[in-house]
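# Secondary and tertiary structure notes
The chain contents come next:
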Amino acid sequence: MYYSRKKPVGDYEQEMTAIWSCTQESCNGWMRDDFSFEVVPTCSQCNSPMLRSMKSLPVLINSSYGNKMGIKKMETKL
Ligand SMILES: [Zn+2]
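Throughout, residues of each chain are indexed from 1 in the direction in which the sequence is written. pLDDT decides what is reported in this predicted model: residues at 70 or higher carry local features, side-chain atom pairs at 80 or more are listed and counted, and totals for whole chains, interfaces and linings draw on all residues regardless.

Time to look at the overall build of the chain. Helix and strand assignments come from DSSP, with helices taken as H or I runs of at least 4 residues and strands as E runs of at least 2, each series counted from the N terminus. On a plain count of helices and strands, the chain comes out with one helix and three strands. Reading the chain from its N terminus to its C terminus gives the helix and strand order β-β-β-α. Expressed as a percentage of the 78 residues in the chain, the buried residues total 5%. What counts as a contact is two residues whose backbone-derived C-beta atoms lie within 7 Å of each other. Residue pairs at least 24 apart in sequence account for 55% of intrachain contacts in the chain once pairs closer than 6 positions are excluded. Any residue with 12 or fewer other C-beta atoms within 10 Å of its own C-beta is exposed, any with 20 or more is buried, and the rest are partly exposed; the C-beta atoms used are placed from the backbone.

Below, the structure is given as structure tokens:
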């Protein structure tokens, strides 16, 4: 099995990704769900609880960057 090379090579491939999105309608805060939370995270912009959702995002090649960012965020919150 192989994929056709006719597939357009875009700058970024988009993929449906699990995210957390803010429940506040006036707020467009969201973050990637690259790491597992034990509790529902709160929005960094308005502190509203966040809801699990899906979003079409460019595929990350280096996912460790996102993980690092997430851990940093968690630490500052604690
Ligand atoms: Zn928010």
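This part is about unusual backbone geometry. Despite not being glycine, Asn-47 shows a phi value in the positive range, around 65°. Counting through the fold element by element, Asn-47 comes out in the loop between β2 (30-32) and β3 (50-58). A residue is classified by how many C-beta atoms lie within 10 Å of it, and Asn-47, with 12 of them, is exposed.

With that settled, consider the environment of Asp-33. Relative to the elements of secondary structure, Asp-33 occurs in the loop between β2 and β3. When the C-alpha atoms of Asp-33 and Ala-18 are compared, they prove to be 5.5 Å apart, with 15 residues separating the residues in sequence. When residues no more than four places from it in sequence are discounted, the contact partners of Asp-33 are Ala-18, Ile-19, Trp-20 and Arg-52.

Residues at a pLDDT of 70 or more form 55% of the chain, whose mean pLDDT is 76. Within a predicted model, pLDDT stands for the predictor's per-residue confidence, ranging from 0 to 100. Mean pLDDT per element in the chain: helix α1 (residues 64-77) is the minimum at 52, and strand β1 (residues 14-22) is the maximum at 92.

Once that is clear, we can look at the sheet that holds β1. Reading across the sheet, the three strands line up as β2-β1-β3 and stay open at both edges, with antiparallel pairing between neighbours. For this open sheet the edge positions go to β2 and β3, each flanked by a neighbour on one side alone. Put simply, the sheet's adjacent strands are angled 40° from each other on average, direction ignored. Of the strand pairs in this sheet, β1 and β3 are connected by nine bridges, and their pairing is antiparallel. Of the residues in β3, the one forming a bridge with Glu-15 is Leu-57. Following DSSP output, two strands are said to pair if at least two bridges run between them. To get an axis, a line is fitted to the C-alpha atoms, and for a helix only the part in contact is used. The angle between two axes follows their N-to-C directions and goes from 0 to 180 degrees.

Attention shifts here to the pairing of β1. As paired elements, β1 and β2 share three bridges and run antiparallel to each other. Bridge pairing in β2 places Trp-20 opposite Met-31.

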